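# Fold and geometry: a report
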Amino acid sequence: MVLLALNIALMTAWIVILSNTYQYTALTVGTVLFALVLVGSTAYLILSIKAVRLHARQVNFVDSVTHELKTPLAAAKLYLETMQMRPDMPAEKRADCLEVMAAELNRLEHLIIQLLEVGRLERLGTGVEVEDVDLAPLLRRAMTTAAAHHKYDPEAIFSADLHSVIVPARRMILETIFGNLLDNAVKYGGQGGAPPQVAVEVREKRGRVITRIADDGVGVPAEFRNKIFDLFYRGGNELERTRRGTGLGLYIVRTLVTLLQGKVRVFDRADGPGSVFEVDLPGVRR
């Protein structure tokens, strides 16, 4: 910023001095050169700011992934050592330990799959024929999976208004998109310890399928609504964060929605606190 201010001051002085002495050739050449330096300095400043912000997001990403990888491994190891130290453990307790270990390993597998997906996003969907996917049953299965992942009864936290619509796409891509969005809605929904309440709505309008997923969390501030779809982006500091995550889910969602010639956006919920994620995809009513 100091260099930019200095360049502007020198250019102004150059223009004033040479215009008073009528040296128009030197005035023109000098002004052009100063302008080029100003443009180059501005571009460098913008790129530097972007690089610093990307580095900060990458540091947050490494911190969050390290935590996400260590936690399930530590929990599984603890339960395994407990079972080894207590060979006479009652069958009921042993079954509980095995259930927790399986849940933690599933959580670890989910994280690894998500990390691998980022590396193959650009190739996903290429060279494979699309199919006509009925979105309603796919969303119901995704709701059940998201509720189970966070140990909720799907009937207690989800309300759905689903019209039968067809979306031409690879089924796996749609499962990834809506699986991430529904999992986020459950994760970030609810306040004050109350269970989240998530509303899912599907509509068809002039050859487009509009899916809205509304949660009752604290919402997304307006200044973050574009940033949350960037790679590695998570608001705040990893040491102060209360909910797990890596900053990859919404980036994957936006990339895959774009691959399907669609759009995704987020806005405030109209009937109360929370956010609404809207996915617009090509499709028709069944």
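Let's shift gears to unusual backbone geometry. Of note in this structure, Lys151 is not a glycine but carries a positive phi near 60°. Position of Lys151 among the secondary structure elements: in the loop between α4 (135-149) and α5 (154-157). The backbone phi angle of Gln261 is positive, close to 60°, even though this residue is not glycine. Following the sequence through the fold, Gln261 ends up in the loop between α7 (249-259) and β6 (263-268).

This structure, assessed with the given rule, holds one aromatic pair. Ring centres of Phe229 and Phe277 lie 6.3 Å apart, and the angle between their planes is 75°; on these two criteria the pair is classed as edge-to-face. Note that Phe229 is positioned in the loop between β5 (208-214) and α7 and Phe277 in strand β7 (residues 275-282), a separation of 48 residues in sequence. Relative accessible area serves as the criterion here: at 5%, Phe229 is assigned to the buried category.

This paragraph deals with the packing of α4 against helix α6 (residues 171-188). Describing two packed helices takes the angle between their axes plus the distance from one axis to the other. Interhelical geometry of α4 versus α6 gives an angle of 45° and a closest axis separation of 9 Å. Compared by their axis directions, α4 and α6 come out oblique. As α4 packs across α6, the resulting crossing turns out to be right-handed. The residues of α6 that touch α4, namely those facing Leu135, Leu138, Leu139, Arg141, Ala142, Met143, Ala146 and His149, are Arg171, Leu174, Glu175, Phe178, Leu182, Asp183 and Val186. Considering only residue class, the contact of α4 with α6 consists of ten nonpolar, one polar and four charged.

On the basis of which strands lie adjacent, the open sheet formed by five strands has the order β2-β4-β5-β7-β6 and mixed pairing. In the strand order of this sheet, the two ends are held by β2 (158-162) and β6, each with one partner. Ignoring strand direction, the axes of neighbouring strands in this sheet form an average angle of 15°. Strands in contact with α4 are β2, β4 (198-205) and β5; relative to β2, the strand with the most contacts, it is inclined by about 175°.

Turning to its location among the elements, Asn180 is positioned in helix α6. For Asn180, the side chain forms a polar contact with the main-chain oxygen of Thr176, separated by 2.9 Å.

Here we take up the nonpolar core. Ranked by size, the top nonpolar core spans 43 residues in total, and within it Leu135, Phe158, Leu174 and Phe178 carry the most contacts. In this structure, Leu135 is in contact with Val165, Val167, Leu174, Phe178, Val202, Val209 and Thr211, ignoring residues within four places of it in sequence.

Glancing now at the environment of Phe34. In this fold, Phe34 is placed in helix α2 (residues 24-85). The class for Phe34 is buried, based on a relative accessible area of 19%. Note: C-alpha distance between Phe34 and Leu10 (24 residues apart in sequence) is 8.2 Å.

What follows covers a nonpolar patch on the surface. Residues Val29, Val32, Leu33 and Leu36 make up a contiguous nonpolar surface patch of about 370 Å² in total accessible area. Mapping Val32 onto the fold places it in helix α2.

The buried fraction of β5 is high, at five of seven residues. Inspection of the sheet shows β4 paired to β5 by seven bridges, in the antiparallel sense. In the sheet register, Arg203 faces β5, and the bridge partner there is Ile210. Hairpin connection of β4 to β5: two residues between the antiparallel strands, including Arg206 at a positive phi of 50°. Judged from the seven bridges that link them, β5 and β7 form a sheet pairing that is antiparallel. If you follow Arg212 over to β7, its bridge partner there is Glu278.

About the thresholds
Residues numbered from 1 in each chain as written. Predicted model: local features only at pLDDT ≥ 70, side-chain atom pairs only at ≥ 80, totals over all residues. Heavy atoms only, no water. Helix = DSSP H or I, 4+ residues; strand = E, 2+ residues; numbered from the N terminus. Phe/Tyr/Trp six-rings, centres within 6.5 Å; stacked < 30°, edge-to-face > 60°. Buried < 20%, exposed > 50% of the residue type's maximum accessible area, 1.4 Å probe, protein only. Axes fitted to C-alpha atoms, helices over the stretch in contact; angles between N-to-C directions. Parallel < 35°, antiparallel > 145°, perpendicular 65-115°, else oblique. Left-handed = near helix turned anticlockwise from the far one by under 90°. Contact = heavy atoms within 4.5 Å. Nonpolar A, V, L, I, M, F, W, Y, C, P; charged D, E, K, R; others polar. Pairing = 2+ DSSP bridges. Polar contact = N/O pair within 3.5 Å; in protein donor to acceptor, adjacent residues only side chain to side chain. Core = buried A, V, L, I, M, F, W, Y, C linked by side-chain atoms within 4.5 Å. Patch = residues over 30% accessible without salt bridge, like charges linked within 9 Å, V, L, I, M, F, W, Y side chains within 5 Å. Areas by Shrake-Rupley, 256 points an atom, 1.4 Å probe, with all protein chains shown as cover. Salt bridge = Lys/Arg side-chain N within 4 Å of Asp/Glu carboxyl O.

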